[in-house]
Amino acid sequence: VLLMPPIGGFTLPGEPIQGLGPQEGIVLGAQDVDLGAAAAHRVSTVLVNHSELQDDYDTAQKKVEAALAQGKRVLLLLGEDFEEFNQGLTADVLRTGLDRIVGALTPTELLQVTVMYEPAWAISTSAAQPAVKMDTANIMREHAPRAIRAIRQWVAERHPEVPRLAEWLTIG
């Protein structure tokens, strides 16, 4: 189990939370936060680029690289907005995000990143996001596998020197 409370949900900096740890089957992570705070809280995983806190590509890249330099795993969230979805730009949006955020990573570094497909149109509560009246679950059942294939294709094209890297990378 990976528990990722907002940073405000932690106790005192640097102090472990009682009853949470690998021995209990619970690994502690942190949502899209300042990595200094994540280090102080001894989290193992950092979530980067949540759709409602979405960073620009350069900031997200710096967060990913800083997390990896600290020995942390990264959950990188990528996805398109409603307009991009309607224009059929999902694969293009994912490829651009991957190029800009993790494109410079080595295969070994990339294996420390879990790429999560998170379309903003499916989950956003942002006032800027139009109200979407659709059967999101059914659309995602059809759409998510295509998005995951686009991510795997990007990995295979980016790192042909490691033919099975696209299979090994964790994608959700």
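Given the structure is predicted, the values throughout are model-derived calculations rather than measurements.

Focus on the pairing of strand E4 (residues 73-78)
Moving on, step 1. Within E4, five of the six residues are buried, leaving the element largely enclosed by the surrounding structure.
Moving on, step 2. Bridging between strand E3 (residues 45-48) and E4 involves four bridges; their strand directions are parallel. Bridge pairing in E4 links Val48 to Leu76.

A word on the packing of helix H2 (residues 57-69) against helix H4 (residues 90-102)
For any two helices packed against each other, the geometry is given by the interaxial angle and the distance between the axes.
Moving on, step 1. At their nearest, the axes of H2 and H4 sit 8 Å apart, and the two run at 55° to each other. One finds that H2 runs oblique with respect to H4. Crossing hand, H2 versus H4: right-handed. Contact with H2, carried on its side by Tyr57, Asp58, Ala60, Gln61 and Val64, involves Val93, Thr96, Gly97, Arg100, Ile101 and Val102 of H4 and no other residues of that element.
Moving on, step 2. Residues that form the contact of H2 with H4 fall into these classes: six nonpolar, three polar and two charged.

Let's talk about the side chain of Glu80
Moving on, step 1. Topologically, Glu80 is positioned in the loop between E4 and helix H3 (82-86).
Moving on, step 2. Those residues in contact with Glu80 that sit more than four places away from it in its chain are Phe85, Thr90, Val93, Tyr117, Pro119, Ala120, Trp121 and His143.

About the thresholds
- Residues numbered from 1 in each chain as written.
- Predicted model: local features only at pLDDT ≥ 70, side-chain atom pairs only at ≥ 80, totals over all residues.
- Heavy atoms only, no water.
- Buried < 20%, exposed > 50% of the residue type's maximum accessible area, 1.4 Å probe, protein only.
- Helix = DSSP H or I, 4+ residues; strand = E, 2+ residues; numbered from the N terminus.
- Pairing = 2+ DSSP bridges.
- Axes fitted to C-alpha atoms, helices over the stretch in contact; angles between N-to-C directions.
- Parallel < 35°, antiparallel > 145°, perpendicular 65-115°, else oblique.
- Left-handed = near helix turned anticlockwise from the far one by under 90°.
- Contact = heavy atoms within 4.5 Å.
- Nonpolar A, V, L, I, M, F, W, Y, C, P; charged D, E, K, R; others polar.

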